[in-house]
Amino acid sequence: MMSKKMIKIICIVMAALMVLSVFAVCLQVFAMDADVMQYVPVTGDNDGDYIIPITIAVVAILAVGICLVLPKLKKK
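Residues numbered from 1 in each chain as written. Predicted model: local features only at pLDDT ≥ 70, side-chain atom pairs only at ≥ 80, totals over all residues. Heavy atoms only, no water.

Before going further, it helps to examine the overall build of the protein. The helix and strand inventory of the protein stands at two helices and zero strands. The buried share of the protein, reckoned over its 76 residues, is 12%. Summed over its atoms, the accessible surface of the protein is roughly 6,400 Å², and 75% of this surface lies on carbon and sulfur atoms. (Helix = DSSP H or I, 4+ residues; strand = E, 2+ residues; numbered from the N terminus. Buried < 20%, exposed > 50% of the residue type's maximum accessible area, 1.4 Å probe, protein only. Areas by Shrake-Rupley, 256 points an atom, 1.4 Å probe, with all protein chains shown as cover.)

Here G65 shows up in helix 2 (residues 48-75). Residue class for G65 comes out partly exposed when judged on its relative accessible area of 28%. On a C-alpha basis, the gap between G65 and A15 in space is 9.4 Å, while along the polypeptide they are 50 residues apart.

The next subject is a positive patch on the surface. A grouping of K4, K5, K8, K72, K74 and K75 is seen on the molecular surface, where their side chains present a positively charged patch. Secondary-structure assignment places K75 in helix 2. (Patch = residues over 30% accessible without salt bridge, like charges linked within 9 Å, V, L, I, M, F, W, Y side chains within 5 Å. Salt bridge = Lys/Arg side-chain N within 4 Å of Asp/Glu carboxyl O. Lys, Arg positive; Asp, Glu negative; His and termini not counted. Charge placed at Lys NZ, Arg CZ, Asp CG, Glu CD.)

The next point concerns a nonpolar patch on the surface. Together, I12, F30, Y50, I51, I54, V58, L62, I66, L68, V69, L70 and L73 make up an exposed nonpolar region whose accessible area comes to about 1,100 Å². Elements with a contribution of two residues or more to the nonpolar patch: helix 1 (4-36) and helix 2. Top contributing element to the nonpolar patch by residue count: helix 2, with 10 residues. Positionally, Y50 belongs in helix 2.

So, on to the environment of V64. Looking at the secondary structure, you find V64 in helix 2. Expressed as a C-alpha distance, the spacing of V64 and M18, which sit 46 residues apart in the sequence, is 9.4 Å. Once you skip the residues sitting within four places of it in the chain, V64 turns out to touch A15, A16 and V19. (Contact = heavy atoms within 4.5 Å.)

Going through the model one piece at a time under the given rule, you end up with zero disulfides. Residue C11 stays outside any disulfide, its sulfur separated by 5.1 Å from that of C67, the closest cysteine. Take C11: its relative accessible area is 35%, and that puts it in the partly exposed class. Note on C67: relative accessible area 29%, which makes it partly exposed. (Disulfide = S-S within 2.5 Å.)

Okay, here's the thing in structure tokens:
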């Protein structure tokens, strides 16, 4: 059985990977918009492709924060 410290380290690493994957997807979305939009007609495009990745990034950062703070709150 793994120790509690090892489980915490694994949780933090997985949350960091989640944040990293969000930024990788955001980079692709933002890079594609610059070149493709000049050839594609605007048909009521909204800001969803910016709002959704930002929301996912905020949730990922909150998950990291919860992984760090929750064990400290349980000790008290």
